[in-house]
Amino acid sequence: MTPEPAHGQYAPVVPLHSAPGGVERMAPHDREAEQAVVGALMLAPGVIGDVNGSMDPADHYVPAHETIHRAILALHSQGQPVDPITLGHHLEQTGELVRAGGRPYLHTLIQAVPSTANATYYAEIVHDLARRRRSIEVGTRIVQAGMSAEATEDDLREALALGAATVPAAWPEPIPLDRQPKLPPFPVHALPGWVSDFVVALAEETQTPVDLAGALALSVLATAAGGRAVVQVRGRWREPTNLFVVVALGPANRKSAVFAAMTAPLYEAENTLVEGSNLTIVEAEVTARMAREAADKAAAQAAKAEGPERDNLVAEAIGLAQTAESLTVPPRPRLLADDATPETVTTLLAEQGGRLAVMSAEGGIFDIIAGRYSGVPNMEVFLKGHAGDRLRVDRRTRQEFIEAPALTMGLAVQPSVLEDIGKNRGFDGRGLLARFLYCLPESLVGYRKIDPDPVPPAVGATYERNVFALTLKLADWTDPLVVQVGPEADAALMAYGEHLEPQLRSKGGRLGHIGKWAGKLVGAAARIAGLLHLAEHIDGGTNTPISATTMGAAIELADYFAAHALTVFDLMGADAALARARSLLSVLEDNGWESVSRRDLFAKLSRSEFPTIAELEPAAAVLEEHGYLRSETPPRTGKRGRPPAPRYLIHPSVREPKA
């Protein structure tokens, strides 16, 4: 059992100590369930909404747990990360660290969590036991008043009133709907050392958020390895190593400068590949031209001939024509494209054996996909190029077939571009938006150093040399390099999948409203792990399996992108339930109900926004998660007839007059 803080410092949460001694000893409680609740809140902040709907911090029997629970909610409401370190610092700042059991106790609570997926169940246990203790409190007060010979009728009424006031569960402070949480910083330490050193140094030199260079670094690695390496997760599950990454940052943030520095070694590698292929291309062109000329000459001679000689010349001309047709000229190597049309991207992918990267410091590619030139959206190559699905395109003059396309995208755009593409329902409907990893850094404009430190020459040279080497190392691979996932890394990835799964629920799940995107997050973590692994083994050792440490770093990066995706999709208007929840809250504030039936509430709503009662329920669920209301089904008054309709209990603060 997990150790408890020293009991001498604490008193029970509810005032049972004033009751007879036997009652206190029998007070219903479950310390392990309480520990599991607060431990789960530290491990998985995404369950806070579910736990809030099941219990109040005052439900804890151990005061230390109530103190810790309230501190977690305070940090979460400020958009701050929650873990034993940040929590210990917060409690020390508020003078409550000793009351909470000290820093070591915060760490032991993490070990007390069997599964964060069961946090709501643990909370229900704690809440049920708190109700039992409150019932005992009520009974004790009434019994003591009734047994006292000196108790007057007013004393009895007061005991009943105090008891009645004790039974209802307290309302915690609601979480504001319009609060955007502070987004986590880019975990640059998760990158391999030579990559993180350059990312940090470049961010310092350009005075840009480290997120910009960090996210683009993953695109650079994906350009070097995409189409030439795959991650063998387990069974038939393989993940390619290409990525779609988009960084949204406002103007005057030096995106182009960072972009140029990060991609420079890729262009150098592309030039080297071109120079190395020039002689081969020239030889192939001369050979093909001579073969065509020979075939044309033979065909002309056959056309002039007569009699038996004609048949021989025709046969010879046909043979030469077939030979000329079979000769192909290899294309000039290409690693990178900019704002290319979907048709051009398809052709380049076919020519380059399925490998290409679209890298751009502008957002014009989205306009092109939407049909800027053709008037018809064309996103097939981008959808299949991300997933690695076979792509066959029939042209009027030729057929293009790509067995396993691996398209990488690295984009740095303005936030307004994301708002615009969010209005294009075709992007979301086809699943294009679900394929990007999103990054929304905080601008440093107005806070930049005028004379920052430049990138140390050795750091820049190492980055350029390693990206160049990785690109050329994999350039000639036709069958992909298969990167295996080690047993411990696989266990970490499975645990991550189990952790994410409850969050994908459409009702109440933290990631439910962006389920199309979040459903690909485990696969994205595997892809990132493969890229980190390759970058860690530039000089060899790529045949060793991915380690648990590398997988942990990839999962940390995936969590970073998940936090940013929630805000980005909100920016793009993906969370319709949140928008309706704001409207619903406004109606509740205007009417001042203490409780209201679902039918009466629906009657007050706009039919343009809530055409059916089905649209009410997700919005009400959002308000319930944020603590603005509670759903309650009244008990039956008889054995027959329909069960009572559920009612919504409204938070007292919603009913307060607004200044």
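In what follows, the structure referred to is the one given above.
The structure displayed is predicted, hence computed values, not measured ones. (Residues numbered from 1 in each chain as written. Predicted model: local features only at pLDDT ≥ 70, side-chain atom pairs only at ≥ 80, totals over all residues. Heavy atoms only, no water.)

On to the overall build of the chain. A count of helical and extended segments in the chain gives 26 helices and 13 strands. Here the chain, with 659 residues, has 47% of them falling under the buried criterion. Working note: accessible area of the chain is about 31,800 Å², and carbon and sulfur atoms make up 53% of it. (Helix = DSSP H or I, 4+ residues; strand = E, 2+ residues; numbered from the N terminus. Buried < 20%, exposed > 50% of the residue type's maximum accessible area, 1.4 Å probe, protein only. Areas by Shrake-Rupley, 256 points an atom, 1.4 Å probe, with all protein chains shown as cover.)

What follows concerns the pairing of strand β2 (residues 237-240). Examined bridge by bridge, strand β1 (residues 229-234) and β2 share four bridges and lie antiparallel to one another. By the bridge assignment for β2, Val231 is matched with Glu239. (Pairing = 2+ DSSP bridges.)

Before going further, it helps to examine unusual backbone geometry. Although it is not a glycine, Gln207 adopts a positive phi angle of roughly 55°. Residue Gln207 is classed as buried on the basis of its relative accessible area of 7%. Positive phi outside glycine occurs at Arg254, with the angle close to 60°. Its relative accessible area of 38% is what places Arg254 among the partly exposed residues.

Moving on, we come to the sheet that holds β1. Judged by pairing direction, the sheet is mixed, and its three strands sit side by side in the order β2-β1-β10 without closing on themselves. Strand pairing shows two members of the sheet lacking a second neighbour, β2 and β10 (481-484), which therefore form its edges. Averaged over all adjacent pairs, the angle separating strand axes in this sheet is 30°, with direction ignored. Running at roughly 75° to β1, helix α19 (residues 487-500) makes contact with β1 and β2 of the sheet. (Axes fitted to C-alpha atoms, helices over the stretch in contact; angles between N-to-C directions. Contact = heavy atoms within 4.5 Å.)

With that settled, the discussion passes to the pairing of strand β5 (residues 355-360). Counted residue by residue, β5 has six buried out of six residues, so it is predominantly covered. Going residue by residue along β5, you find Arg355, Ala357 and Met359 tucked away on one face and Leu356, Val358 and Ser360 tucked away on the opposite face as well. Direction of pairing for strand β4 (residues 336-337) relative to β5: parallel, over a ladder of two bridges. Note that in β5 the partner of Leu336 across the bridge is Ala357. Where the polypeptide runs from β4 across helix α13 (residues 342-351) and back to β5, its parallel neighbour, the crossover connection is right-handed. Two elements, β5 and strand β8 (residues 406-413), share six bridges in a ladder whose sense is parallel. Counted as the bridge partner of Ser360 is Leu411 from β8. (Right-handed = clockwise from strand over helix to strand, strands pointing away.)

Right, let's get into helix α10 (residues 210-225). With 16 residues, α10 extends 23 Å from end C-alpha to end C-alpha; this agrees with the ideal 22 Å at 1.5 Å per step. Counting buried residues along α10, 15 of its 16 residues qualify, which places the element largely inside the surrounding structure. Downstream of α10 by a residue or two, Gly227 has a phi angle that is positive, lying close to 80°. (Expected span 1.5 Å × (residues − 1).)

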